[in-house]
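Structural overview
Here is what each chain is made of, one letter per residue.
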Amino acid sequence: MAAQRITAIYPGSFDPITNGHLDLIERGSKIFDELIVAVLRNPEKSPLFSLQERVEMLQEVVQHCPNVSVDTFDGLLVDYAVRRQARVILRGIRAVSDFENEMQMALMNRKLDPNLETVFMMPAVAYTFLSSRLVREVCQLGGDTRSLVPPQVEERLRSKAV
Ligand code: PNS
């Protein structure tokens, strides 16, 4: 029997994508046949970057990964996963502090759809302190974000800061 192709979804807000996210995307692209980076469409939040900007930045920085695509979703993640025929949700865990929330989400998603597995991966140690929230804060307070995000994102961050 031929092995089944595995499509994974890497969901998130990506406001903006950081080097930690990119590290996880690269790791995920090596173990899954197809990886869909899915940006949540959440009209209640007021993000720094519009949905379109976040999608554009993601598309720019994943160009070197041929099996990675970028999409948006709203509603339940499990419903989106079924629509995309994905069997895996990929999430990153940076530190123990991420674990509780991630475990809750993974178990809720499993309750909603027992066929869907959440797979956790750790980014490189160098990125364990990184978050989009901190990147936004550093940028808004005039700090240097060059080593925190891909160059294309840093350029856009600078234009938001002025
Ligand atoms: O980057 P984030 O903000 O940590 O990503 C959170 C995200 C988008 C993965 C999560 O909020 C989500 O899956 N939202 C979709 C709504 C949903 O399915 N909720 C119930 C599952 S816990």
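Overview of the structure. These numbers were taken from a predicted model, which means no experiment stands behind them.

**Thoughts on the pairing of strand β1 (residues 7-12)**
Where burial is concerned, most of β1 is hidden: six out of the six residues are buried. Burial along β1 is two-sided: the face carrying T7, I9 and P11 and the face carrying A8, Y10 and G12 are both buried. Judged from the six bridges that link them, β1 and strand β2 (residues 34-40) form a sheet pairing that is parallel. The residue bridging T7 from the neighbouring strand is E34, located in β2. One crossover worth recording links β1 to the parallel β2 by way of helix α1 (residues 19-31), and it is right-handed. Note: β1 against strand β4 (residues 88-92), two bridges, orientation parallel. Note on β4: the bridge partner recorded for I9 is I89.

**Focus on the site of the ligand**
Around the ligand lies a shell formed by P11, G12, S13, L40, F73, G75, L76, L77, R91, M105 and N109. Within the side chain of R91, a nitrogen or oxygen atom sits 3.0 Å from an oxygen atom of the ligand. In isolation the ligand has 550 Å² of accessible area, and contact with the protein removes 71% of it. Elements that contribute at least two residues to the shell around the ligand include exactly β1 and α4 (96-112). When its residues are assigned to classes, the shell around the ligand shows six nonpolar, four polar and one charged.

Definitions and limits used
- Residues numbered from 1 in each chain as written.
- Predicted model: local features only at pLDDT ≥ 70, side-chain atom pairs only at ≥ 80, totals over all residues.
- Heavy atoms only, no water.
- Buried < 20%, exposed > 50% of the residue type's maximum accessible area, 1.4 Å probe, protein only.
- Helix = DSSP H or I, 4+ residues; strand = E, 2+ residues; numbered from the N terminus.
- Pairing = 2+ DSSP bridges.
- Right-handed = clockwise from strand over helix to strand, strands pointing away.
- Near = heavy atom within 4 Å.
- Polar contact = N/O pair within 3.5 Å; in protein donor to acceptor, adjacent residues only side chain to side chain.
- Areas by Shrake-Rupley, 256 points an atom, 1.4 Å probe, with all protein chains shown as cover.
- Nonpolar A, V, L, I, M, F, W, Y, C, P; charged D, E, K, R; others polar.

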